Amino acid sequence: MDDAFRASIGHQGLHRLYDYWHELKAGKLEPPQRSSFDPLRIGPFLSSLIINEVLHGEAADGGARFRIRLEGDDVVRARGYSAKGHYLDEPGVLVLNPDATISEYRQVVSSGEPSYSAGRFQHAQQRYGRMYRLVLPFAGKEHPGRVDFLFVDFRFEI
């Protein structure tokens with residue numbers, strides 16, 4: 001396990017998903033298969049989970065585009081509505097730093113390595129708080145070893 005990366009994760013709730021992802025990776029260089037993910041293993045944390053499908057080369061600039069396939073109830077509450085089925089680059093879907101988020105996600109896709117970020121923010125609805133985000137790469141069935149899904153554990157605290 002990358003103990004330095006794990007230690008950088010500043011929210012204890014995110015450690016469980018990271019540890020599970022690392023277990024699924026099983027020491028291999030490529031990301032684990034999405035089909036190996038068992039939601040029952042992380043049960044109560046599903047409410048903060050987002051699964052984004054990576055659409056390679058489909059963005060206007062030729063880069064990856066991301067579509068929300070699943071989002072937990074806590075994520076919907078934080079955003080104020082469900083964005084399931086929408087693309088992250090659509091107006092209003094990413095309420096915090098859309099360009100930086102998409103750039104971070106593209107880096108995870110190209111490196112195959114997880115990412116963690118945190119920060120303070122003010123939401124457009126005048127809610128203030130902190131956010132914590134862990135982004136984990138997963139491969140799809142058609143292209144083993146290629147990042148086709150990003151599992152994002154998003155925590156929002158007012």
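Residues numbered from 1 in each chain as written. Predicted model: local features only at pLDDT ≥ 70, side-chain atom pairs only at ≥ 80, totals over all residues. Heavy atoms only, no water.

Enquirer: A description of the nonpolar core should follow, citing residues and the corresponding values.
Expert: Residues Val-54, Phe-66, Leu-88, Tyr-105, Leu-150, Val-152 and Phe-154 are the most contacted members of the largest nonpolar core, which totals 23 residues. Among the elements of the structure, β1 (49–55), β2 (65–71), α3 (73–79), α4 (98–111), β4 (128–139) and β5 (147–157) are those that each provide at least two residues to this core. Every residue in contact with Leu-150, bar those within four places of it in the chain, is listed here: Ile-50, Ile-51, Asn-52, Val-54, Phe-66, Tyr-105, Val-108, Val-109, Val-135, Leu-136 and Pro-137. Tyr-18, Leu-49, Tyr-116 and Leu-134 belong to the second largest nonpolar core, which has 19 residues in total. (Core = buried A, V, L, I, M, F, W, Y, C linked by side-chain atoms within 4.5 Å. Buried < 20%, exposed > 50% of the residue type's maximum accessible area, 1.4 Å probe, protein only. Helix = DSSP H or I, 4+ residues; strand = E, 2+ residues; numbered from the N terminus. Contact = heavy atoms within 4.5 Å.)

Enquirer: Residue-level account of the packing of aromatic side chains, with values.
Expert: According to the stated counting rule, one finds seven aromatic pairs in the structure shown. Plain terms: the ring middles of Phe-5 and Tyr-18 are 5.3 Å apart, the flat faces sit at 45 degrees to each other, and that makes the pair tilted. Taken as a pair, Phe-5 in helix α1 (residues 3–8) and Tyr-18 in helix α2 (residues 12–25) lie far apart in primary sequence, 13 residues in all. The pair formed by Phe-5 and Tyr-18 is uniform in burial state, with each residue classed as buried. Relative to Phe-151, the ring of Phe-37 lies with its centre 4.8 Å away and its plane at 70 degrees, an arrangement referred to as edge-to-face. On the criterion of sequence distance, the pair formed by Phe-37 in the loop between α2 and β1 and Phe-151 in strand β5 is long-range, its members being 114 residues apart. A relative accessible area of 13% places Phe-37 in the buried class. Through successive ring pairs, a cluster of aromatic residues spans Tyr-20, Phe-37, Phe-138 and Phe-151. Taking NZ or CZ as reference, Arg-34 lies 4.5 Å from the ring centre of Phe-149, over its face. (Phe/Tyr/Trp six-rings, centres within 6.5 Å; stacked < 30°, edge-to-face > 60°. Lys NZ or Arg CZ within 6 Å of the ring centre and 35° of its normal.)

Enquirer: Explain the pairing of β1 to me, using residue names and the numbers behind them.
Expert: The element β1 is extensively covered by neighbouring structure, given that seven of its seven residues are classed as buried. Residues of β1 alternate between two faces, with Leu-49, Ile-51, Glu-53 and Leu-55 on one and Ile-50, Asn-52 and Val-54 on the opposite face, all of them buried. Examined bridge by bridge, β1 and β5 share five bridges and lie antiparallel to one another. Counterpart to Ile-51 in the pairing with β5 is Phe-151. Bridge analysis of β1 against β2 gives six bridges, and the strand direction is antiparallel. Looking at the pairing, Leu-55 lines up with Arg-65 of β2. (Pairing = 2+ DSSP bridges.)

Enquirer: Outline the environment of Arg-146, listing residues and values.
Expert: On the secondary structure map, Arg-146 appears in the loop between β4 and β5. A polar atom in the side chain of Arg-146 sits 2.7 Å from the side chain of Asp-148. (Polar contact = N/O pair within 3.5 Å; in protein donor to acceptor, adjacent residues only side chain to side chain.)

Enquirer: Describe unusual backbone geometry, with residues and values.
Expert: The phi dihedral of Ala-26 falls on the positive side, at around 50 degrees, and the residue is not glycine. Within the fold, Ala-26 resides in the loop between α2 and β1.

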